[in-house]
Amino acid sequence: MHVEVGTTVLVTENPRIVEAAAQRESTIPVITTNGNPSAAVRLLVDQLLHFGAHLLYHGDFDAPGLAICARMLQLGLQPWRMDTDDYETAVKAALADGVELPTETRPVGPTPWDPPLQVALTETGRIVHEERLLDDLLPAN
């Protein structure tokens, strides 16, 4: 494997994002963890980091999604568009569009990359799935 140092790679939780990237002919490489990263995904991430790639991570705004993001941060990925402002903007946009967001009933764990995010999701209690944010994650080329 050879990757140019500094290559940006988007790592996402949901395979729908990879499908959309292919449909939109994204110029940024996109890979998916398909939920919790498997050993194969972790190996790929380790290899990409070893070769100097810059890995950005995005997942669902729900308790499991934030837990995955925290694990990806520990592996060396940078949470991207996963902060309190991004969450609050996504909730407001969904409500403005008349979308009924699911309620988060599970405890929300720590979000070390943005501690106020844990509080915001706990207090707001609304889940925003990653695929709702396609246009923010994959802007038109």
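Residues numbered from 1 in each chain as written. Predicted model: local features only at pLDDT ≥ 70, side-chain atom pairs only at ≥ 80, totals over all residues. Heavy atoms only, no water.

### A look at the side chain of E130
Here E130 is to be found in the loop between α5 (115–124) and α6 (134–137). The side chain of E130 sits in the buried core without any salt bridge; R16 is the nearest counter-charge, 10 Å away. A distance of 3.1 Å separates a polar atom in the side chain of E130 from a polar atom in the side chain of H58. Discounting residues that sit within four places of it in the chain, E130 has contacts with T12, E13, N14, I17, H58, G59, D60 and L137. (Helix = DSSP H or I, 4+ residues; strand = E, 2+ residues; numbered from the N terminus. Buried < 20%, exposed > 50% of the residue type's maximum accessible area, 1.4 Å probe, protein only. Lys, Arg positive; Asp, Glu negative; His and termini not counted. Salt bridge = Lys/Arg side-chain N within 4 Å of Asp/Glu carboxyl O. Polar contact = N/O pair within 3.5 Å; in protein donor to acceptor, adjacent residues only side chain to side chain. Contact = heavy atoms within 4.5 Å.)

### Digging into the pattern of salt bridges
In this structure the tally under the stated criterion is five salt bridges. The salt bridge partner of D62 is R106, with a shortest N-O separation of 3.9 Å. Of this pair, D62 sits in the loop between β3 (54–58) and α3 (63–75) while R106 is found in the loop between α4 (84–96) and α5, placing the two residues 44 residues apart along the sequence. Under the relative-accessibility criterion, R106 is labelled partly exposed at 39%. Between R106 and E104 there is a salt bridge, with the nearest N and O atoms lying 2.7 Å from each other. In this structure E104 comes out as buried when scored by relative accessible area, which is 9%. Several salt bridges share partner residues, and in doing so they unite D62, E104 and R106 into one network.

### Let's talk about unusual backbone geometry
In this structure, N34 takes a positive phi of about 55° despite not being glycine. One non-glycine residue, R81, lies in positive phi territory at about 55°. Tracing the chain through its elements places R81 in the loop between β4 (78–79) and α4. R81 gets classed as partly exposed once you look at its relative accessible area, which sits at 36%.

### A word on the packing of aromatic side chains
Overall, the coordinates contain one aromatic pair when judged by the stated rule. Where F61 meets Y87, the ring centres are 5.4 Å apart and the plane angle is 55°; that geometry is what we call tilted. Linking F61 in the loop between β3 and α3 with Y87 in helix α4, this pair joins segments that are 26 residues apart in sequence. Of the two residues examined, F61 and Y87, each falls in the buried class. (Phe/Tyr/Trp six-rings, centres within 6.5 Å; stacked < 30°, edge-to-face > 60°.)

### Quick look at the nonpolar core
One finds V11, L55, F61, Y87, V128 and L138 to be the most contacted residues of the largest nonpolar core, which totals 38 residues. A total of five residues in this core trace back to one element, the largest contributor, which is α3. Those residues in contact with Y87 that lie beyond four places of it in its chain are F61, L117, A120, L121, T124, G125, R126 and V128. (Core = buried A, V, L, I, M, F, W, Y, C linked by side-chain atoms within 4.5 Å.)

Just distances and angles here, no functional claims.
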